[in-house]
Amino acid sequence: MPLPDAPPPSLVQEAFARAPQALVVIDPVADRLLGANAAACRLLGGEAEALARLPFSHRLGASLPLWVSFTDEALTRSPAWSDDLVILDLKRQPRHVEAQAQALDEGRLLLTLVDRQKAEQRRARADLGRQHRRGQVGWERVEQVFERIERQNQLILGAAGEGIYGLDAEGRTTFVNPAAERILGWSSEDMVGHDAHQLFHHTQADGRHFPVQQCPIHASFSDGQVHRVDDEVFWHKNGEAIPVEYTSTPIFEMGRLVGAVVLFRDISERKRAEQQLRDALAEVESLKQRLELENQYLQEEIKAEFNHREIVGESSAVAHLVRQIALVAPTDANVLISGESGTGKELIARAIHAGGPRGGRPLIRVNCAAIPRDLFESEFFGHVKGAFTGAVNDRPGRFELADGGTLFLDEVGEIPLELQGKLLRVLQEQQFERVGDNRTRQVDVRVIAATNRELREMVAAGSFREDLYFRLNVFPIASVPLRERSEDVPLLARHFLIRACQKFNKPGVRIPPSQLEVLKRYPWPGNIRELENVIERQVIVAQGRVLAFDDLSPAAGPPLAGPSSAESAPSPRQAPAPAEPALLTEHELASRQRESALAALRACGGKVSGPGGAAELLGVKPTTLRSRLKAWAIDPRDFRAR
């Protein structure tokens, strides 16, 4: 009920403004601060205009749910009281307050706020004053107790092996123990009173600036939580980064957060041990990958039957070849083997490797004609993870796999010109880098190259580097075609016959002397590989225990006509003579189809489908031809030029 002599409004406003208690007017529905007196501005750390710019709920933080229930109570059952609220001032410092709310008109609330910390301090001082007046406290004895506690604390701090320092709420260092001085290189005088973050925590391990707002230590000042970090760096006075793990624990005084204590440990030794372990594991993984790849290559060699142990032959050409191998095998000289396809260039390379000191290490073969142009560098030198699309793991190249052994570059003339310079560098310096890596690796590799092309002509045409040619051609060896050592054909035929009989489980099959003469007269355009294929085919189709080769023509290649050497097929451009067609048995018809397919593969260089392919020449579907070739155990790749 209003007083009869009510004070004027100006007096009420002055009383509100000068009241010793913090008073604020809040619109809880609009979430706005409508007014604040001077005491409230001091409590919240800013002017009323600054406090009113943001919604009031922004000052409540984790107390927002309590604030909602408190205002609901005040609006429905005014007045309301609470001592659980925490309000953040303009510096985001928490203020634990005791709040009393009174509902006003239009859904507004008048709040009286009391800083609980200051209230408790006032009560404590008043209580101490009363006790002192009553003679209950001896101040001298209290000072002695505090001095004893301080001495004990100093002894504990000095004995601790971990670094310990204290911070106030502004981030300034308040104390430092001897271990922290020793680890950081800063003295207590250097640190106390100065901003610890700017002094030795200003930069991250990778050199990037470390904003103080992101520092877990400073986070303890605002959220009041313990922060543990196990992988950061502090910076020594000399500029060296020190790997540390630390715990930042907030300090409360009379309920108010006043700073933090940081306990940290130098983990340099642990980091070094972890890095050594990672390096060792990486080395083990690298060796594992290398052994797996070496085993893979060895398995491929076994599957491909590259298991020759000697060079078969008694001709003067073979004797000369054996002498050359004996001369060069014990050395580390690079060897260039030239010759026609199918003459056993890889067999020569393996004999050189096995006869030298590197025979206990692997011989790694690279078919240069089978590697896509854009993968040459990766195949030769390897790559690291992420070097290009699809590089999901580190992978060693052929040079790494051949380290300590021999690298056999088959069809070396097929290496792209732009990559020959990189190959030359490895041959000269025995050093290389993986694709995507800047680490230079050292290898010890002997190189044996083989080609069926005339490299001198390629050098003259500018398609092969002259310096690379001379680097490879330290010791040239020519593999002699089979037609120039026909006296070795019987030995080779018997050698392949024994292997074919074991392979196809047909023991007791033999070649009569007359048929050996047929083999000697044939020119063998496919050389030793063709001889091996012919022997295997005859063993497969043999009905008895004697092989016959009467269908081999002494001309440049096998005939397209029937099985008799006296017969020949008419040219495709000749009109067939009107004659009665010859009668052919099923076996003779199959033999003719097989020999026709072989002739077509030779003419097309092993190409089966597409324009100019063997299927087109024979007038059959590519799928049909492939099915026949599979049934005859014929691999078109054997007819490709090498």
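Just above sits the structure.
Since this is a predicted model, take the numbers as computed values, not measurements.

Trainee: Is there a simple way to think about the sheet that holds strand S10 (residues 241-253) in this case?
Mentor: Sheet strands pair by backbone hydrogen bonding; their relative direction is either parallel or antiparallel. Read across the sheet, 5 strands follow the order S8-S7-S11-S10-S9 without closing on themselves; strand pairing throughout is antiparallel. Both edges of this open sheet fall to strand S8 (173-176) and strand S9 (227-235), since each of them pairs with a single strand only. Here the average twist between neighbouring strands, direction ignored, is 30°. In the sheet, strand S7 (residues 163-168) pairs with S8 via 3 bridges, with the strands oriented antiparallel. Following the sheet pairing, Tyr-165 is matched in S8 by Val-176. Here helix H10 (residues 216-223) sits on the sheet in contact with S7, S9, S10 and strand S11 (256-266), set at roughly 135° to S9.

Trainee: Mind showing me how you'd approach unusual backbone geometry here?
Mentor: Trans is the prevailing form of peptide bonds, just as negative phi is the prevailing case for residues other than glycine. Omega for the peptide link from Ser-78 to Pro-79 comes to -5°, which places this bond in the cis form. Topologically, Pro-79 is positioned in the loop between helix H4 (64-76) and strand S3 (80-82). Notably, Arg-92 is not glycine yet its phi reads approximately 65°, a positive angle. Relative accessible area serves as the criterion here: at 41%, Arg-92 is assigned to the partly exposed category.

Trainee: Help me understand the nonpolar core in this model?
Mentor: As a rule of thumb, nonpolar side chains are buried together in soluble globular proteins. Of all hydrophobic cores here, the largest spans 31 residues; its most connected members are Phe-380, Phe-399 and Leu-409. The set of elements that each furnish at least two residues to this core consists of strand S13 (363-367), helix H14 (376-381), helix H15 (398-401), strand S16 (406-410), helix H16 (417-429), strand S19 (446-451), helix H17 (455-461) and helix H18 (466-472). Apart from the residues lying within four places of it in its own chain, the contact partners of Leu-409 are Val-366, Cys-368, Phe-380, Leu-423, Val-447, Ile-448, Ala-449 and Ala-450.

Trainee: Help me out: how do you make sense of the environment of Lys-118 in this one?
Mentor: Within the fold, Lys-118 resides in helix H5 (residues 116-133). Spatially, the C-alpha atom of Lys-118 lies 9.7 Å from that of Val-97, the residues being 21 residues apart in sequence.

What counts and how
Residues numbered from 1 in each chain as written. Predicted model: local features only at pLDDT ≥ 70, side-chain atom pairs only at ≥ 80, totals over all residues. Heavy atoms only, no water. Pairing = 2+ DSSP bridges. Helix = DSSP H or I, 4+ residues; strand = E, 2+ residues; numbered from the N terminus. Axes fitted to C-alpha atoms, helices over the stretch in contact; angles between N-to-C directions. Contact = heavy atoms within 4.5 Å. Buried < 20%, exposed > 50% of the residue type's maximum accessible area, 1.4 Å probe, protein only. Core = buried A, V, L, I, M, F, W, Y, C linked by side-chain atoms within 4.5 Å.

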